[in-house]
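Next come the chains, spelled out residue by residue.
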Amino acid sequence: MSIEKLNQEAVDLLKQLIAIPSFSREEQGTAQAILTFLQGRGIPATRKVNNVWARNRYYDPAKPTLLLNSHHDTVRPDKQYTLDPFHPVVEDGKLYGLGSNDAGGCLVALLATFLYFYEKKDLKYNIVIAASAEEEISGAGGIELLIPELGNIDCAIVGEPTLMEMAVAEKGLLVLDCVVEGKAGHAARSEGENAIYKAIQDIQWFSNYQFPEVSALLGPVKMSVTMINAGIQHNMVPALCNFTVDIRLNECYTHEAILEIIRSHVTCKVTPRSTRLRSTAIAPDHPLVTAGKGLGLKSFGSATLSDKALMPFPALKIGPGDSARSHTANEFIFLEEIKTGIATYVSLLEKMV
């Protein structure tokens with residue numbers, strides 16, 4: 001099948017997906033649409049909850065396997081939308097709609113790439129396509145649920161909008177819930193122990209501390225206090241203060257090492273919500289990266305998180321669209337970006353398989 005025909009099918013599918021609400025954990029409609037798309041082309045695709053996957057026709061368990069993955073869930077539309085987020089509209093070469101850029105364009109481009117290779121014999125790699133759910137919330141019902149079903153995976157391409165540049169490293173995420181205890185008292189008298197004042201000291205530490213190890217690709221570890229809650233009444237000294245810290249890790253630190261350093265410096269009780277979302281990097285001499293370099297693709301370290309963080313095998317994040325458009329009002333992707341994305345994915349895999 002030609003790139004032109006694949007591109008048209010990809011755009012038509014993306015328009016269909018945009019028209020179906022697919023918020024995280026509510027992706028039933030788009031999962032069915034993707035399953036129907038593949039099965040309608042004679043491909044025995046499988047669905048697990050809201051995840052859909054398939055293997056190339058001549059899959060051989062003795063060969064290494066390359067996974068093509070992107071997600072079909074979306075965030076909820078920004079309140080500043082002036083267009084209907086579920087009505088795909090093409091204007092000036094742009095396809096507008098919720099999820100068009102993040103990550104619908106990547107997903108349909110990868111599906112088109114899978115179709116391009118599906119019938120080919122004597123490939124060096126098996127190719128598996130996986131359209132996953134719950135990426136936007138890093139949910140346990142997405143790629144993490146699906147990976148055990150896929151068999152042995154040697155490496156992956158993760159479709160996220162990167163302007164078709166190679167994200168060879170990605171920051172991890174650690175979210176901390178912090179609790180400071182004080183003692184209640186009447187605000188009119190010198191009573192109690194103000195939990196807010198105690199929390200300020202720890203918050204200042206989070207604001208000012210610099211982790212010494214800086215990554216050449218990902219830069220420093222970044223900590224941000226993003227939420228705070230304290231007090232139940234204006235005339236009562238608060239006995240508790242809760243705050244949340246968002247930490248973006250480089251590959252120089254594990255979650256455990258970060259926690260050890262933090263707990264040695266602060267007085268609050270620190271509880272991580274999860275230690276699943278690790279910083280990841282793919283070796284600069286990995287065949288996927290080498291193939292991309294051969295096509296003249298640029299590489300960079302990504303500050304944004306993806307399902308790459310949940311993959312226990314090397315993965316390269318790359319896709320059409322621009323991360324700066326993700327989660328914005330009147331989200332769009334250029335039609336030309338989808339076409340270029342398909343052509344680039346195909347060229348990248350031809351150097352591999």
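A short tour of the structure in this document, coming up. For clarity, every value in this text was computed on a predicted model and none was experimentally measured.

### Thoughts on unusual backbone geometry
Note: most peptide bonds trans; most residues except glycine with negative phi.
Argument step 1. With an omega of 0°, the peptide bond running from Asp102 to Ala103 counts as cis.
Argument step 2. Mapped onto the fold, Ala103 is located in helix H3 (residues 100-118).
Argument step 3. Notably, Asn330 is not glycine yet its phi reads approximately 55°, a positive angle.
Argument step 4. Note that Asn330 resides in the loop between strand E17 (315-317) and strand E18 (332-334).
Argument step 5. A residue is classified by how much of its surface remains accessible, and Asn330, at 19% relative accessible area, is buried.

### Here's the deal with the sheet that holds strand E4 (residues 89-91)
Each strand in a sheet pairs with another by means of backbone hydrogen bonds, the pair being arranged parallel or else antiparallel.
Argument step 1. In spatial order, the strands read E4-E5-E18; together these three strands make up an open sheet with antiparallel pairing. Strands at the two margins of the open sheet, each flanked by one partner only, are E4 and E18. Taken over all neighbouring pairs, the strand axes of this sheet differ in orientation by 25° on average, direction set aside.
Argument step 2. Note: E4 against strand E5 (residues 94-96), three bridges, orientation antiparallel. When the sheet's bridge partners are listed, Val90 is paired in E5 with Leu95.
Argument step 3. Its contacts with the sheet place H3 against E5 and E18, and it is angled at close to 40° to E18.

### Quick notes on the side chain of Ser138
Argument step 1. Topologically, Ser138 is positioned in the loop between strand E6 (126-132) and helix H4 (143-146).
Argument step 2. Among the residues examined, Ser138 registers a relative accessible area of 18% and is labelled buried.
Argument step 3. Residue contacts for Ser138: discarding those within four places in its chain leaves Arg276, Leu277 and Leu305.

### Some details on the sheet that holds strand E9 (residues 172-181)
Argument step 1. Pairing is antiparallel across the open sheet formed by four strands, whose spatial order is E11-E13-E9-E14. For this open sheet the edge positions go to strand E11 (222-230) and strand E14 (269-272), each flanked by a neighbour on one side alone. Adjacent strand axes in the sheet meet at a mean angle of 25° when their direction is disregarded.
Argument step 2. Relative to E14, E9 runs antiparallel, the two sharing four bridges. Looking across to E14, one finds that Val179 is bridged to Lys269.
Argument step 3. Relative to the sheet, helix H5 (residues 195-208) contacts E9, E11 and strand E13 (240-249), its axis offset from that of E13 by approximately 10°.
Argument step 4. The strands that helix H6 (residues 255-263) touches are E9, E11, E13 and E14; relative to E9, the one it contacts most, it runs at about 25°.

What counts and what doesn't
- Residues numbered from 1 in each chain as written.
- Predicted model: local features only at pLDDT ≥ 70, side-chain atom pairs only at ≥ 80, totals over all residues.
- Heavy atoms only, no water.
- Helix = DSSP H or I, 4+ residues; strand = E, 2+ residues; numbered from the N terminus.
- Buried < 20%, exposed > 50% of the residue type's maximum accessible area, 1.4 Å probe, protein only.
- Pairing = 2+ DSSP bridges.
- Axes fitted to C-alpha atoms, helices over the stretch in contact; angles between N-to-C directions.
- Contact = heavy atoms within 4.5 Å.

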